[in-house]
Amino acid sequence: MNNKKISIITVVKNGMPYLKDSIKSFNLQNYQNKELIIVYSPSNDKTEEFLNKQDQKNIIIKKDEHSKTMYGSIINGINFSSGDIFGLLHSDDIFYGHNTLDTISKQFETNIDCIYGDIMFCDKKNIKSINRIWISGKFHLNKLKYGWTPPHTSIFLRKEYFEKNKKIYSDDYKIAGDYFFVLNLFKDQGLVSKYINAFTTIMRTGGGSTNLKNFSKKFKEDIKISKIFFKNNLTCIFFKILRKSKQLKFFKKKINNNYLNQIILDKE
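Treat the numbers as computed from the prediction; the structure is a model and nothing was measured. (Residues numbered from 1 in each chain as written. Predicted model: local features only at pLDDT ≥ 70, side-chain atom pairs only at ≥ 80, totals over all residues. Heavy atoms only, no water.)

A look at the overall build of the protein chain
Phase 1: Along the backbone of the protein chain there are 9 helices and 10 strands.
Phase 2: A compact globule built from 268 residues should have a C-alpha radius of gyration of about 18 Å, and the protein chain, at 18 Å, falls within 12% of that.
Phase 3: Taken along the three principal axes of its C-alpha coordinates, the protein chain extends 50 × 40 × 35 Å.
Phase 4: For the protein chain, the residues scored as buried account for 52% of the 268 residues in total.
Phase 5: Once local pairs closer than 6 in sequence are excluded, the contacts in the protein chain between residues at least 24 apart make up 80%.
Phase 6: A distance of 7 Å separates the average location of the 45 positive side-chain charges in the protein chain from that of its 26 negative side-chain charges. (Helix = DSSP H or I, 4+ residues; strand = E, 2+ residues; numbered from the N terminus. Rg over C-alpha atoms; globule rule 2.2 N^0.38 Å. Buried < 20%, exposed > 50% of the residue type's maximum accessible area, 1.4 Å probe, protein only. Contact = heavy atoms within 4.5 Å. Lys, Arg positive; Asp, Glu negative; His and termini not counted. Charge placed at Lys NZ, Arg CZ, Asp CG, Glu CD.)

What follows is the structure, given as structure tokens:
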């Protein structure tokens, strides 16, 4: 499936200044057959003013005033997209390297519905300072009831699959909608998925799903979602938390390369 069009969905509200880095990361991808769909909600930090200045043929900007949550905006972004494959890039995140989309395209064989990988987390103000890593590992159906999930932002999905399974996303969950999506996706025994042992994304800590202030809200939503899929849902949530706690072990790494330097230096 090499050279198929890849659509990247970015949902943003009050995304400055990090949105600039996300767009830069997209532009620095050496894969050419790509588009960026930016779906924004009314903001008070000049996000809309910045987006109105964008003038690239492969960047499509849409306003969303009606979705209840960011996941509704993601659905809108996917519907707007024209690619064969789509993935997410949050407004404060960047791709791991300049060849991320090229790697995804090469791995997306004809029979594959979904590809997922690993991600890194960096300090909010320093994308070179890595403080957490999330290694997904290979999928097995039995893993889901023991808290296994791949990171949402590492998942790339065939658009054709989404068209047949639009209910895999829901606009009903404010923070844990990614958990609902992942369970819906990987509980489908007809899904053909592939794990690539590679980093796809660097996420800034402090976003909606990583912010400690939102932990209680996310926990309640996780409980509600897990009840839909599992009889022993509390066991599932216990192991889900345990898996994440293992990622929080003392880990500190500095990375330095030309790609990250370009993102940092080439600012307006």
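Some points on the pattern of salt bridges
Phase 1: Counted under the stated rule, the structure contains 13 salt bridges.
Phase 2: Of the charged contacts, one joins Lys-194 and Glu-109 as a salt bridge, the two residues approaching to 2.9 Å between their closest N and O atoms. One end of the pair, Lys-194, is in strand S9 (residues 193-204); the other, Glu-109, is in the loop between helix H4 (100-107) and strand S6 (114-123), with 85 residues separating them in the sequence.
Phase 3: A salt bridge links Glu-163 to Lys-159; the shortest N-O distance between them is 3.8 Å. Of the two residues, Glu-163 and Lys-159 are both situated in helix H5 (residues 159-164); the distance of 4 residues between them amounts to about one turn of the helix.
Phase 4: We classify Lys-159 as buried; its relative accessible area is 11%.
Phase 5: Among the charged side chains, a network of salt bridges with common partners joins Asp-178, Lys-218, Asp-222 and Lys-240. (Salt bridge = Lys/Arg side-chain N within 4 Å of Asp/Glu carboxyl O.)

Considering the nonpolar core
Phase 1: In this structure, Tyr-169, Leu-185 and Phe-186 are the most contacted members of the largest nonpolar core, which totals 37 residues.
Phase 2: At 7 residues, helix H6 (residues 177-186) tops the list of elements feeding residues into this core.
Phase 3: Those residues within four positions of Phe-186 in sequence are excluded, and the remaining contacts are Cys-114, Tyr-116, Phe-139, Leu-141, Leu-144, Trp-148, Pro-150, Ile-155, Leu-191 and Ser-193.
Phase 4: In this structure, Ile-6, Ile-8, Leu-89 and Leu-101 belong to the second largest nonpolar core, which totals 34 residues. (Core = buried A, V, L, I, M, F, W, Y, C linked by side-chain atoms within 4.5 Å.)

Some details on the pairing of S6
Phase 1: Among the 10 residues that make up S6, 9 are buried, leaving the element largely enclosed by the rest of the structure.
Phase 2: Across 2 bridges, S6 lies against strand S8 (residues 156-158) in antiparallel orientation. By the bridge assignment for S8, Cys-114 is matched with Leu-157.
Phase 3: The sheet contact formed by S6 and S9 spans 8 bridges and is parallel. Each bridged residue has a counterpart across the sheet, and for Phe-121 the counterpart in S9 is Met-203.
Phase 4: Hairpin connection between S6 and strand S7 (residues 126-134): a loop of 2 residues separates the two successive antiparallel strands. (Pairing = 2+ DSSP bridges.)

Notes on the packing of aromatic side chains
Phase 1: Taken as a whole, this structure holds 14 aromatic pairs when the rule is applied.
Phase 2: Judged by centre distance (5.5 Å) and plane angle (40 degrees), the rings of Tyr-96 and Phe-199 are tilted. On the criterion of sequence distance, the pair formed by Tyr-96 in the loop between strand S5 (94-95) and H4 and Phe-199 in strand S9 is long-range, its members being 103 residues apart.
Phase 3: Given the relative accessible area of 31%, Tyr-96 is considered partly exposed.
Phase 4: The exposure class assigned to Phe-199 is partly exposed, which follows from its relative accessible area of 22%.
Phase 5: Where Tyr-173 meets Phe-180, the ring centres are 5.5 Å apart and the plane angle is 35 degrees; that geometry is what we call tilted.
Phase 6: Residue class for Tyr-173 comes out buried when judged on its relative accessible area of 7%.
Phase 7: On the accessibility criterion, Phe-180 (11% relative accessible area) is buried.
Phase 8: Across from the ring centre of Phe-26, 4.9 Å away, lies the NZ or CZ of Lys-34, which sits over that ring.
Phase 9: Note that Arg-132 overlies the ring of Phe-121, its terminal NZ or CZ placed 4.0 Å from the centroid. (Phe/Tyr/Trp six-rings, centres within 6.5 Å; stacked < 30°, edge-to-face > 60°. Lys NZ or Arg CZ within 6 Å of the ring centre and 35° of its normal.)

As for helix H9 (residues 258-265)
An α-helical turn contains 3.6 residues, so any two residues separated by three or four positions project in the same direction.
Phase 1: Of all the positions in H9, only Tyr-259, Leu-260 and Ile-263 are classed as buried. Looking down the long axis of H9, one finds its buried residues gathered within 95 degrees of arc, a one-sided arrangement. Residues of H9 that are exposed and angled more than 90 degrees away from the buried face: Asn-258 and Leu-265.
Phase 2: Taken together, the buried residues of H9 touch helix H1 (18-27), S5, S7 and S9.
Phase 3: At the N-terminal end of H9, a side-chain oxygen is found 3.2 Å from the backbone nitrogen of Tyr-259, two or three residues along, and the residue is Asn-257. (Arc of directions from axis to C-beta. Polar contact = N/O pair within 3.5 Å; in protein donor to acceptor, adjacent residues only side chain to side chain.)

None of the figures reported here should be taken as evidence of function without further support.
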